[in-house]
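Residue-level structure breakdown
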Amino acid sequence: MINVQQNDFIVADEYQKLADDNQDGAVVTFVGKVRDFNEGLGVQGLSLEHYPGMTEKVLSEIEAEARDHWPLNKVTIIHRVGDLTLGEQIVFIGVTSPHRRAAFAACEFLIDFLKTKAPFWKKELTSEGSKWLEAKASDSKISQQWSTKLTN
Amino acid sequence: MIKVLFFARLREQLSTDSLQILASENMTTELIRQQLANTDDLWAKVMSADSLLVAVNQQITDWSHSVNAGDEVAFFPPVTGG
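Residue positions are counted from 1 within each chain, in the order its sequence is given. Chains carry letters from A onward and ligands carry numbers from 1 onward, assigned in written order. Local features are withheld for residues below a pLDDT of 70 in this predicted model, meaning they are given only at 70 or higher, and side-chain atom pairs are given and counted only at 80 or more; totals for whole chains, interfaces and linings count all residues. Just so you know, side-chain values use all the structure's heavy atoms and leave hydrogens and water out.

This part takes up helix 3 (residues 100–117) of chain A. Residue and element names in this part refer to chain A. Only runs of H or I of at least four residues qualify as helices and only runs of E of at least two qualify as strands under DSSP, and these elements are numbered from the N terminus. A helix's residues, less one, multiplied by 1.5 Å, set its expected span. For helix 3, built from 18 residues, the straight-helix expectation of 26 Å at 1.5 Å per residue is met to within 8% by its first-to-last C-alpha distance of 25 Å. Any residue under 20% of the maximum accessible area for its type is buried, any over 50% is exposed, and the rest in between are partly exposed; the area is computed with a 1.4 Å probe on protein chains only. Within the span of helix 3, buried status applies to Ala102, Ala103, Ala105, Ala106, Cys107, Phe109, Leu110, Ile111, Asp112, Phe113 and Leu114. Whether two residues are in contact is decided by their heavy atoms: any pair within 4.5 Å suffices. Turning to helix 3, the residues buried within the fold contact strand 2 (26–33), helix 2 (54–69), strand 4 (75–80), strand 6 (89–97) and helix 4 (137–151).

Shown next, in the form of structure tokens:
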């Protein structure tokens, strides 16, 4: 399931939906939150913009790629957009698999690729105005490492 | 016509989220970028950013990609979600 939404999500509910299958021995979930990013400017929150249509398409492609590499049963990707305050949840990734190692790896792969491929943009709202965040070279390096690792 | 979209920092810098341009023969993503850059100094600066990304029909592509009438072309900065 892929959802791009303004509303918050409830982890317990998402977990319940994922865990409702006795074929799976493993459920791995990840939650990303709004944090106080950097440079002591007093971050109050974020505004998240996305490219409607392309976002859902890219997330489906990333999910398909994860399914090519690992035996997964259920996959949930939820990403929020709009204005979020400090401490709020931004993103939920949940995967289930018969095997724990596959579930861990796929969950990490999904969030790593989401960060570098999906068309979302964060604007930080600080006490001194707002500022678009710069993409991190370390994030694109991580997704390149996945590509190398998975083709070898 | 070709639909052109701008997101995030670009949308704000250009005060534009979308526009339409006439399709012509042998059009590419690079030619559209140049055409937009010719608008004025602001557009020239924004459209020449090294980090600029382009997508055609919602798929990230390169600067030699051909573009035809009815296509959707989007320009945006590197993504920062998650």
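Residue and element names in this part refer to chain B. Here Asn57, not a glycine, exhibits a phi torsion of approximately 50 degrees, which is positive. The residue Asn57 is located in the loop between strand 3 (53–56) and strand 4 (59–61) in this model. For Asn57, a relative accessible area of 34% corresponds to the partly exposed category. Here the phi dihedral of Gln58 falls at roughly 70 degrees; this positive angle occurs in a residue that is not glycine. Mapped onto the elements, Gln58 comes out in the loop between strand 3 and strand 4. Taking the relative accessible area as the measure of exposure, Gln58 reaches 19% and is therefore buried.

Right, let's get into the interface of chain B and chain A. On the chain A side, the residues contacting the 20 residues of chain B number 26 residues. Considering only the side of chain B, the residues that lose the most area to chain A are Gln58, Thr80 and Gly82 of chain B, jointly responsible for 35% of the buried surface there. Counted as salt bridges are all cases of a side-chain nitrogen of Lys or Arg within 4 Å of a carboxyl oxygen of Asp or Glu. Taken together, the connections running from chain B to chain A amount to three salt bridges. Note that Glu134 of chain A is salt-bridged to Arg9 of chain B, the shortest N-O span being 2.9 Å. Counted as a polar contact is a pair of N or O atoms within 3.5 Å, where, for protein atoms, one must be capable of donating a hydrogen and the other of accepting one, and residues adjacent in sequence contribute only when both atoms are in side chains. Across the chain B-chain A interface, the total number found is 16 residue pairs in polar contact (both at pLDDT 80 or more). Secondary structure elements with two or more residues in the side of chain B that touches chain A: helix 1 (8–14), strand 4 and strand 5 (72–76) of chain B. When residues in the side of chain B that touches chain A are grouped by element, the largest group, four residues, is from helix 1 of chain B. The residue classification treats Ala, Val, Leu, Ile, Met, Phe, Trp, Tyr, Cys and Pro as nonpolar and Asp, Glu, Lys and Arg as charged. All others, Gly included, are polar. Across the side of chain B that touches chain A, the residue classes break down as ten nonpolar, six polar and four charged. By buried area we mean the combined loss of accessible area, with a 1.4 Å probe, across both parts when two parts are placed together.

Keep in mind that these numbers describe shape and distance, not what the molecule does.
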